[in-house]
Amino acid sequence: MAPVARKARFVHTDREKEEESSDEEREQDETDEEDEEDEEEEAIKESTRSSFEKDEKSAKEKKKEPITISLKKVCKVCKRTGHEAGFKGAIYIDCPMKPCFLCKKPGHTTMTCPHRVTMEHGVIPAQKRNTRTSLDYLFQRELKAKLPCMVKTQYVIPNQLECGNVRFHIRRITCLEFHPTNDNVILSGDKKGALGIWDYVKLHEKTVYDSIHNCIVNNIKFDLKNEDKVYMASSDGTVSYTDIVTGISSSLLDLNPNGWNGPNTWHMIYGMDLSNEKGLVLVADNFGYLYMVDKCSNKMIGKPILLHKKGSKITGLHFNPARPDLLLSCGNDHFARIWDVRRLESGSSLADLAHGRVVNSAYFSLASGAKILTTCQDNRIRVWDSIFGNLESPSREIVHSHDFNRHLTPFRAEWDPKDETETVAVIGRYISENFDGIALHPIDIIDTATGSLLAEITDPDITTISPVNKLHPRADILVTGSSRSVFVWKPRVDTEEPQSEQLKRKQREFIYGSGNGRKSNGKGPYNDSSDDDDDFGKGGKNKKVTKNVGTKFTHNTTKGKGKSK
């Protein structure tokens, strides 16, 4: 029995050993599982920590760098240190590393430019020819005897602001024209294609026809046989014939009958002039071509004629007032050209007047037609004293600030139609001047015979640039288009009354036009974009105007809409 019991005891011990070993294995497995779980948790923690660090780094990278104020002078033009450029108050400071903005020559800045100190600096009349030709003889015989005595009298300067139509248009003004018989009526076109008619004496009598054209009105010309009708040329490629009383217009010419097919085929009309003797309406487009329209049949005559370089814009046309057969054109190809209308062909110009850059305008003198006045983007006004003389170089070049960037109507120097001596011209100025701490852009009246500045016309309430200016053909009145507003200037009346009494006796009046009081989200038709910056009616500028004693502001709305047939 004893061995059996001993055997049973042995088996029992083996089972205990097996149980102990199994328990150890279980504990080992559990510890292994715990280690694995710990490792997984650590891996997850590390991954989350790394992703958090990455997110933190990316967040730091995305954060804007702190604004640091440096006391070093840094030029915004050339990015160099040691000097500054740009406006400082009412004064514009040039970059000394760049050529002068006014005369385009290196060695000095605009502030120290001698042409800014005296406009006639360096103006030397060109040498005249000693020999006379048959053309000179004909001019002396036929025209000189018919012209009035060329005695230069004291010039009357319209330098006082009389009245204004603030925000008459919803976009910037691009052209102005006076009524041929009613001295008080002014016509204006704008960038949106609208035609404005305003009687500045009655002040509130104004009309805007806003559906005649779809974009920029570049020219307005009256039909002298019917003073209620005007011809208008637009960048939408059409020429319209409009009744200013009813607003009904008809299309004489459409260069884009198939609509928009891309910029390479879209025609825009810039230059236009009328020949009442020949019964022609001449227009020119942005591809260098000239089109002739018969005023009687209102149809185009012949085929387009290439006057300037193919693909270049013709910016202006002007018939000679004394010789209707002569036509003057100017364009983006840096040339102004004289043509004989009786034999208009490509390359048949009588003279080519070379310029340094784009020619904004070119006009014959309005009495004899013997002089030529051009405005070029190289800040030069050029004068040719005789179309029968040497046309290879101008008689004189006048340095004047009218080179601009974008969002402005091009500056054009225009003759004074009342000046019998054919020497006075008016043009707006681009560079501002400091007038008692206010940056103003004057309107310059220039003597083209000497290059001297006769007057610079300013008003502290008008701080915008005035690129469109026109002198009245019969009265001593100047009308300017500044942004969306029209202003009328008259000669200053010097009296012995105190200024306060003058202001009480004579009130300056302004009215608000169709663009007043409209708020825009940037998408509507009253979008007040950067090219229409008007200082009136916005914050401090409006308050500044109301400080003037006796200044009145009234509101009026648009009277009419244009119709077409």
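For clarity, every value in this text was computed on a predicted model and none was experimentally measured.

(A) Summary view of the overall build of the protein chain. Summing up its helical and strand segments, the protein chain has five helices and 35 strands in all. Per-residue burial over the protein chain gives 45% buried out of 565 residues. A fraction of 52% describes how many contacts in the protein chain between residues 6 or more apart in sequence connect residues 24 or more apart. Accessible surface, the protein chain: about 30600 Å² in total, of which carbon and sulfur atoms supply 50%.

(B) Looking closely at the packing of aromatic side chains. As enumerated under the stated definition, the model contains six aromatic pairs in all. Taking 6.1 Å as the distance between ring centres and 35° as the angle between the ring planes, the aromatic pair formed by Phe101 and Tyr430 counts as tilted. With Phe101 in the loop between strand S2 (91-93) and helix H2 (114-117) and Tyr430 in the loop between strand S25 (424-428) and strand S26 (433-435), this pair connects stretches of sequence that are 329 residues apart. Through pairs of rings, three or more aromatic residues link up here, namely Phe101, Phe404, Phe411 and Tyr430. Here the basic side chain of Lys104 rests over the ring of Phe101, its NZ or CZ set 4.4 Å away from the ring centre. Its end group placed over the ring of Tyr270, Lys313 keeps NZ or CZ at 4.3 Å from the ring centre.

(C) The arrangement of the confidence of the model for the protein chain in detail. Here the protein chain shows a mean pLDDT of 79. Residues at 70 or above account for 70%. Across residues 126-131, confidence stays below pLDDT 50; counting only partners more than four residues off in sequence or on other chains, it has seven contacts.

(D) Spotlight on the environment of Cys100. The topology assignment puts Cys100 in the loop between S2 and H2. Overall, the relative accessible area of 1% leaves Cys100 in the buried class. Those residues within four positions of Cys100 in sequence are excluded, and the remaining contacts are Asp94, Lys105, His108, Thr109, Thr110 and Cys113.

(E) Structural detail: the state of the cysteines. Under the counting rule described, the total for this entry stands at zero disulfides. Cysteine Cys95 remains unbridged, with the sulfur of Cys78 as its closest cysteine sulfur at 3.6 Å. On the basis of relative accessibility, which here comes to 4%, the residue Cys95 falls in the buried class. Note on Cys376: no disulfide assigned, nearest cysteine sulfur contributed by Cys330 at a separation of 9.9 Å.

(F) How the structure looks around the pattern of salt bridges. With the rule as written, the count across this model stands at 20 salt bridges. Notably, a salt bridge pairs Arg429 with Glu433, separated by 3.2 Å at the nearest N-O pair. Per residue, the accessibility class of Arg429 equals that of Glu433, and both read buried. For Arg429, a relative accessible area of 8% corresponds to the buried category.

(G) Highlighting the sheet that holds strand S22 (residues 380-384). The four strands lie next to each other as S20-S21-S22-S23, forming an open sheet whose pairing is antiparallel. The outermost strands of the open sheet, each flanked by one partner alone, are strand S20 (359-364) and strand S23 (396-399). In this sheet, adjacent strand axes meet at a mean angle of 15° when their direction is disregarded.

(H) View of the pairing of strand S10 (residues 238-243). Burial runs high along S10: six of the six residues are buried. Residue alternation in S10 divides its side chains into two sets, Thr238, Ser240 and Thr242 and Val239, Tyr241 and Asp243, and both sets are buried. Bridge count for strand S9 (residues 226-234) against S10 is five bridges, and the pairing is antiparallel. Bridged to Ala233 within S10 is Val239. In sequence, S9 turns back onto S10 through a hairpin of three residues, with Gly237 there showing a positive phi of about 85°. Alignment of S10 against strand S11 (residues 248-254), held across five bridges, turns out to be antiparallel. Along S11, the bridge assignment pairs Val239 with Leu253. Where S10 hands over to S11, the hairpin turn is made up of four residues, of which Gly247 adopts a positive phi near 85°.

(I) Looking closely at the nonpolar core. With 23 residues, the main nonpolar core has Leu373, Ile381, Phe411 and Tyr430 as its most contacted residues. Every residue in contact with Leu373, bar those within four places of it in the chain, is listed here: Ser361, Ala362, Tyr363, Ile381, Arg382, Val383, Ala413, Glu414, Trp415, Ala425 and Thr448.

(J) Representation of the side chain of Asp243 in the model. Residue placement: Asp243 occurs in strand S10. There is a polar contact of 2.9 Å between the side chain of Asp243 and the backbone nitrogen of Val245. With near-sequence residues (within four places) excluded, Asp243 lies in contact with Asp228, Lys229 and Ile248.

(K) A look at the UniProt feature "repeat: WD" (unreviewed entry) in the protein chain. Those residues carrying the UniProt feature "repeat: WD" (unreviewed entry) are residues 166-199 and 307-349 in this numbering. End-to-end, the C-alpha atoms of residues 166-199 are 14 Å apart, and along that stretch the chain is 0% helix and 53% strand.

(L) Layout of unusual backbone geometry. The backbone of Lys79 shows a phi angle near 65°, a positive value even though the residue is not glycine. Of note, Lys79 is situated in the loop between helix H1 (2-62) and strand S1 (86-88). A relative accessible area of 62% places Lys79 in the exposed class. Of note in this structure, Asn298 is not a glycine but carries a positive phi near 55°. For Asn298, the position within the fold is in the loop between strand S14 (289-294) and strand S15 (299-306).

(M) Quick look at the sheet that holds strand S4 (residues 173-178). One open sheet holds the four strands; their spatial order is S4-S5-S6-S7, and the pairing between them is antiparallel. At either margin of the open sheet sits one strand with a lone partner, and together these are S4 and strand S7 (205-209). Put simply, the sheet's adjacent strands are angled 15° from each other on average, direction ignored. Here five bridges tie strand S6 (residues 195-199) to S7, and the two strands are oriented antiparallel to one another. Paired with Asp199 across the bridge in S7 is Glu205.

Each value, and the rule that gives it
- Residues numbered from 1 in each chain as written.
- Predicted model: local features only at pLDDT ≥ 70, side-chain atom pairs only at ≥ 80, totals over all residues.
- Heavy atoms only, no water.
- Helix = DSSP H or I, 4+ residues; strand = E, 2+ residues; numbered from the N terminus.
- Buried < 20%, exposed > 50% of the residue type's maximum accessible area, 1.4 Å probe, protein only.
- Contact = heavy atoms within 4.5 Å.
- Areas by Shrake-Rupley, 256 points an atom, 1.4 Å probe, with all protein chains shown as cover.
- Phe/Tyr/Trp six-rings, centres within 6.5 Å; stacked < 30°, edge-to-face > 60°.
- Lys NZ or Arg CZ within 6 Å of the ring centre and 35° of its normal.
- pLDDT = per-residue confidence, 0-100.
- Disulfide = S-S within 2.5 Å.
- Salt bridge = Lys/Arg side-chain N within 4 Å of Asp/Glu carboxyl O.
- Pairing = 2+ DSSP bridges.
- Axes fitted to C-alpha atoms, helices over the stretch in contact; angles between N-to-C directions.
- Core = buried A, V, L, I, M, F, W, Y, C linked by side-chain atoms within 4.5 Å.
- Polar contact = N/O pair within 3.5 Å; in protein donor to acceptor, adjacent residues only side chain to side chain.
- UniProt positions renumbered as here; feature names shortened; annotations may be inferred.

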